[in-house]
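# Observations on chain architecture
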Amino acid sequence: MATLDVWLKRAVRGLSQESAETVRREIEEHFEAARGEALGSSIDPQQAGAMAMQALGDPRVANRQYRKVLLTKSEAKVLRNSNAELRMICSNGWAKWMILSAPGTLLLLSVMFLAMHQYSLAKGILVVGALMAIFFMPPFMPIYTVSRGRIYRAIKWVVMLGSIVLLFGGDSRNGLWLISCCFFPVLYTEWKRMVIRRKLPIGRWPRQLYL
Amino acid sequence: MNLKGTLPTLILEFLAQEPSHGYRIAQKIKQSSDGLLDFKEGTLYPALHKLENEGSVESYEGVESGRARRYYRITPAGRKALKDDRAEWQQLSRAVSMILGEA
């Protein structure tokens, strides 16, 4: 049994707690079935255990494959954190109304400054308003189906890239380091969500995966 | 013999006959190929999870000999995937046979 524990420890390295539990349960079940069958064929218990262990193969290979299909610790963390953000926004009535009214207010301000020929200020306010709308308003919008989620994500990328071009204009390439620093957390979260979407069946998607 | 890439198809093939648990699927693959298709059983479950994520199979709790087991059954999407995989494999097999036959 000690050998199976070592095998499992290696096989679940880097996996989230829930994934590790799943792996432990199924491998222990499998091991017991294999060992039981060997014992039924009059093989001595020690040899039966060794045969069942050998049939499982290299735990590092299994770990590499498990990481491709089950949630890892970092992916589970991204899922947990973005869920906390969503809950914070949705549960606080005051924050909810402020977030809902802010993009509209900023758009109005932007038009006002545009009318006053203060173009750079108008541009900045428009970008902040658009980004606020795209990141904070989805919890209140009916986008939680696969196709609507896809449309929302496409719009989100267009708004993000449009904001960069609008803010930095021709200097977008020169200011790449600054843009990368500012958008790194967003890109990291987006990439992790993309990986998680592939790993979870649609029926098990939490709300934040549609975003 | 290396099973690389064909394990999901073989799993779907066995599940199309009847729902089963991981250990029995592994044994069936080995027995049906007279031991020619040998693979490490620790890699069977990642393949099953992948098929589950794709919606080709679904799992449920069952009991066998008084012991709780996770069973897997094929879904309509899985049957369609199996049909496509079979057709693709037959084409590939025909093409390779033609080349090897000529050699």
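Quantities reported herein were computed from a predicted structural model and do not represent experimental measurements. (Residues numbered from 1 in each chain as written. Chains lettered and ligands numbered in written order. Predicted model: local features only at pLDDT ≥ 70, side-chain atom pairs only at ≥ 80, totals over all residues. Heavy atoms only, no water.)

## Considering the interface of chain A and chain B
On the chain B side, the residues contacting the 25 residues of chain A number 20 residues. For the pair chain A and chain B, the summed buried area comes to about 1,800 Å², and 54% of that belongs to carbon and sulfur atoms. Together, A:E29, A:H30 and A:V69 form the three largest contributors to the area buried by chain A at its contact with chain B, with a combined 29%. Along the contact surface separating chain A from chain B lie zero salt bridges. At the level of secondary structure, the elements contributing two or more residues to the side of chain A that touches chain B comprise α2 (17–40), α3 (45–56), α4 (59–69) and α9 (176–199) of chain A. (Contact = heavy atoms within 4.5 Å. Buried area = accessible area lost by both parts, 1.4 Å probe. Salt bridge = Lys/Arg side-chain N within 4 Å of Asp/Glu carboxyl O. Helix = DSSP H or I, 4+ residues; strand = E, 2+ residues; numbered from the N terminus.)

## A look at helix α2 (residues 22–32) of chain B
Of all 11 residues making up α2(B), eight are buried, and the element is well covered by its neighbours. For α2(B), the full list of buried residues reads B:G22, B:Y23, B:I25, B:A26, B:Q27, B:K28, B:I29 and B:K30. Elements that come into contact with the buried residues of α2(B) comprise α2 of chain A together with α1 (7–17), β1 (20–21), α3 (44–54) and β3 (67–74) of chain B. Just downstream of α2(B), B:D34 is the residue with a positive phi angle, here 55°. (Buried < 20%, exposed > 50% of the residue type's maximum accessible area, 1.4 Å probe, protein only.)

## Some remarks on the domain arrangement of chain A
Residue and element names in this part refer to chain A. For chain A, the assigned domains are domain 1 (2–70) and domain 2 (74–210). Each of domain 1 and domain 2 has a C-alpha centre, and these two points are 43 Å apart. At the interface, six residues of domain 1 touch four residues of domain 2. Approximately 280 Å² of surface area, both sides summed, lies buried where domain 1 meets domain 2, with 42% of it carried by carbon and sulfur atoms. It is S16, V69 and L70 in domain 1 that bury the most area against domain 2; as a group they hold 58% of the surface buried on that side. The tally of links between domain 1 and domain 2 comes to one salt bridge. Residue R204 is joined to E18 by a salt bridge in which the shortest nitrogen-to-oxygen separation is 4.0 Å. Joining domain 1 to domain 2, the criterion identifies two residue pairs in polar contact (both at pLDDT 80 or more). Take the side of domain 1 that touches domain 2: its biggest share by element is three residues, from α4. Looking at the side of domain 1 that touches domain 2, its residues break down into two nonpolar, one polar and three charged. (Domains from an automatic or database assignment. Polar contact = N/O pair within 3.5 Å; in protein donor to acceptor, adjacent residues only side chain to side chain. Nonpolar A, V, L, I, M, F, W, Y, C, P; charged D, E, K, R; others polar.)

## Remarks on unusual backbone geometry
Even without being a glycine, A:H117 presents a positive backbone phi close to 60°. Looking at the secondary structure, you find A:H117 in the loop between α6 (93–115) and α7 (119–136).

## With respect to a nonpolar patch on the surface
Together, A:L107, A:V111, A:L126 and A:L166 make up an exposed nonpolar region whose accessible area comes to about 310 Å². Locating A:L126 in the fold gives a position in helix α7. (Patch = residues over 30% accessible without salt bridge, like charges linked within 9 Å, V, L, I, M, F, W, Y side chains within 5 Å. Areas by Shrake-Rupley, 256 points an atom, 1.4 Å probe, with all protein chains shown as cover.)

## Re the packing of aromatic side chains
All names here are of chain A. What the rule picks out here adds up to five aromatic pairs over all chains. On the basis of an interplanar angle of 65° and a centroid distance of 5.3 Å, the ring pair of W205 and Y210 is categorised as edge-to-face. Comparing W205 with Y210 shows no difference in burial state: the two are buried. Three or more aromatic residues joined by ring pairs form one cluster here, namely Y144, W205 and Y210. For R207, the ring lying beneath its charged end belongs to Y144, and the centroid distance is 4.0 Å. (Phe/Tyr/Trp six-rings, centres within 6.5 Å; stacked < 30°, edge-to-face > 60°. Lys NZ or Arg CZ within 6 Å of the ring centre and 35° of its normal.)

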